[in-house]
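Architecture at a glance
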Amino acid sequence: MSDVIYVNWANECESNHDALDLCDSTWYNNDIDRLLELLSANVGAETEIYFGPEFHRDIEKLEKAVSWCNERKKIPALFTYGLWFYDDELCARTIEQIKKNGNFRIIVLIDRDHERFFSAKNLSNFICEAKKKNITPEVMYVADDASFPVYIYESEEVKKMMSVYFNRASSGRKFLDNFARIESKSKNVTKHDENISSSDAASEINSARKNNNIYFNNIVLEITYLCNSQCDHCYTSCGPQADRTLMPLDKIERTLLEAASIDSINKRLHVAGGEPTLFWKEMETILCVARDLGYKNSIVTNGFWGKDREKAKKLVKRLKEAGVIEIELSIDAMHQQYTGNKSIHHILEAVEMYGGIDMILSLCTARHDNTSEILRQIDCALLNNVNITTRQVVSVGRAKQTFSESDLYLEEGIPTGSCNQWLNLTITPNGDVYPCCGGSELCPSLRMGNCFSDNLQFVLEQSKFNYMLRVLIHAGPAYFANMLLDNGYGHLLRPTYGNFCHLCNDIFSDEEKMHIVQKLFSKRFDK
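Residues numbered from 1 in each chain as written. Predicted model: local features only at pLDDT ≥ 70, side-chain atom pairs only at ≥ 80, totals over all residues. Heavy atoms only, no water.

1. Considering the overall build of the chain
- Looking only at helices and strands, the chain features 19 helices and 17 strands.
- Here the chain, with 527 residues, has 59% of them falling under the buried criterion.
- When contacts within the chain are restricted to residue pairs at least 6 apart in sequence, long-range pairs at least 24 apart make up 78% of them.
- For the chain, the exposed area adds up to about 21,600 Å²; of that, 46% sits on carbon and sulfur atoms. (Helix = DSSP H or I, 4+ residues; strand = E, 2+ residues; numbered from the N terminus. Buried < 20%, exposed > 50% of the residue type's maximum accessible area, 1.4 Å probe, protein only. Contact = heavy atoms within 4.5 Å. Areas by Shrake-Rupley, 256 points an atom, 1.4 Å probe, with all protein chains shown as cover.)

2. With respect to the state of the cysteines
- Applying the stated rule across the entire model yields zero disulfides.
- Its sulfur unpaired, Cys234 is 4.0 Å from the next cysteine sulfur, which belongs to Cys238. (Disulfide = S-S within 2.5 Å.)

3. Some words on the environment of Ser155
- Residue position: Ser155 is located in the loop between β5 (138-142) and α5 (156-160).
- When its relative accessible area of 1% is taken as the criterion, Ser155 is described as buried.
- C-alpha of Ser155 to C-alpha of Leu123: the two residues are 32 residues apart in sequence and 7.2 Å apart in space.
- Excluding its chain neighbours within four sequence positions, the residues that come into contact with Ser155 are Ala120, Ser124 and Ile127.

4. Topic: the packing of helix α16 (residues 467-475) against helix α19 (residues 511-525)
- Put simply, α16 and α19 touch, their axes get as near as 11 Å, and they point 95 degrees apart. It follows that α16 is roughly perpendicular to α19 by the angle criterion. Contacts from Tyr467, Met468 and Val471 of α16 reach α19 at Met514, Val517, Gln518, Phe521 and Phe525.
- Along the lines of polarity and charge, the residues of the contact of α16 with α19 split into seven nonpolar, one polar and no charged. (Axes fitted to C-alpha atoms, helices over the stretch in contact; angles between N-to-C directions. Parallel < 35°, antiparallel > 145°, perpendicular 65-115°, else oblique. Nonpolar A, V, L, I, M, F, W, Y, C, P; charged D, E, K, R; others polar.)

5. So, the packing of helix α9 (residues 280-292) against helix α10 (residues 309-321)
- At a closest axis distance of 9 Å, the pairing of α9 and α10 adopts a crossing angle of 30 degrees. Relative to α10, the element α9 lies roughly parallel. Of α10, the residues touching α9 (which contributes Trp280, Met283, Glu284, Leu287 and Arg291) are Leu315, Arg318, Leu319 and Glu321.
- Here the residues of the contact of α9 with α10 sort into five nonpolar, no polar and four charged.

6. A look at the side chain of His345
- Looking at where His345 falls in the secondary structure, it is placed in helix α12 (residues 342-354).
- Residue His345 is classed as buried on the basis of its relative accessible area of 17%.
- Apart from the residues within four sequence positions on either side, His345 is in contact with Gln377, Ile378, Asp379 and Leu382.

7. What to know about the pairing of strand β7 (residues 218-222)
- The buried count for β7 comes to five of five residues, which makes it a mostly enclosed element.
- The alternating pattern of β7 places Asn218, Val220 and Glu222 on one face and Ile219 and Leu221 on the opposite face, and all of these are buried.
- The sheet contact formed by β7 and strand β14 (residues 424-427) spans four bridges and is parallel. For Ile219, the partnering residue across the bridge sits in β14 and is Leu425.
- As paired strands, β7 and strand β8 (residues 268-272) are joined by four bridges and run parallel to one another. Bridging across to β8, Leu221 finds its partner in Val271.
- A crossover links β7 with its parallel partner β8, the connecting element being helix α8 (residues 249-259), and its sense is right-handed. (Pairing = 2+ DSSP bridges. Right-handed = clockwise from strand over helix to strand, strands pointing away.)

8. Focus on the nonpolar core
- Residues Phe51, Leu361, Phe480 and Phe508 are the most contacted members of the largest nonpolar core, which totals 131 residues.
- Looking at which element gives the most residues to this core, the answer is α16, with seven residues.
- Among residues more than four places away in sequence, those in contact with Phe51 are Tyr6, Val7, Trp9, Leu35, Leu39, Leu62, Ala65, Cys69, Pro76, Ala77, Leu78 and Phe79.
- Ala77, Phe79, Ile107 and Met140 belong to the second-largest nonpolar core, a separate cluster that totals 12 residues. (Core = buried A, V, L, I, M, F, W, Y, C linked by side-chain atoms within 4.5 Å.)

So, in structure tokens, the structure goes:
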């Protein structure tokens, strides 16, 4: 079975193979049934499937392919050059039509041949249409020179939330023709609970009553909230004065062992903080335990340990030996005032030297930041197969006190969307378990239990009967915001929100709102 299958949708590759391969012109005969036969013979449990480069052509056949993938718990990725993004109506119609057949990713391919047609405005419009369907497009930038495409970040939608992958190839066609594995940075889960429409209350309640599992893409261990930085935007308010509590190693090992046998949790471990590398020895022990249990490991760090080039090489080598396949490096302005930018280049150099580790450069963004200037300072020669992610600062945690609302990306109304494809089972230093790492840790009402005092399987079994949590995961916080609006409590909501995570935190961290929501939900659920 293949790890990756690329289906050439528009015969854009320079080769013309006859058998299904990493880059194959299987589509030349327009025979969808034959294509699905070939896929059936080559797709395994871990196979990733890509269609491109112009997935919007021949939508009816693509609908069948997307449906086929979803039936097999696969989320296909669809490539496009985006030359049709100028047509808002076509964008909306295309996304809506494909979405009816299941979930998918969209990757916008930008290369030297096509970038002269690129428009940040058109990309922003397309992203807006996609987000209405709970899809966040990604960008793949392909070029063999050292220029950095700062113009991409002229799009506010890109600055607010986007993954931009960099690949050194002479053209998009050459990239596709020599298609290699792209790690799924979005970490979409391979299985899904029943999808729930936020507009259908009966559907939500009935589906919540079903004792289906909730599926998680990763386990996130927030091993400490201590940090050598005190960033203005930190939603968990980490810093040098934070609680120095460190997760007990024996309980972490027991929890990882338990999780390894639970089908609803992907065997991926993400070690976070605070700054987890402040406790390097303990972190390394955790990673080695997870590696030996078969987990794929990743860490997030501010990279302060990479200021010295030789030390960076030594430590990256140790991370690789501990089973780390991905390093997320925080490089935004808030972090750089504490760490500087030398470590970025040293860590990128070390990763390129040893190979086998994916790099994510992560930036939290606001309206008046210097994101473009930071990105200009990066040596583009080090960006091959590197993912630069942006996500907007949200008025949660320390950011509530340090950011003015005029500097945040806020929109009027109730934001829609849900996290059912993005869940990461999050464990805090004291063993409390939460459904995501995007702020649920600040909401006592979303606490699922404690895996240090109880078995993790028990905690997850109990969550099957937490119907309000299940509706939140699938319908999103807009369901509960509309419940407040419909019952005369709209004055408790903000007029503007940054995104649905912001809305979720606003409702579920507030004792007054939670008391009302629980009362209204119980009344609706008991009907």
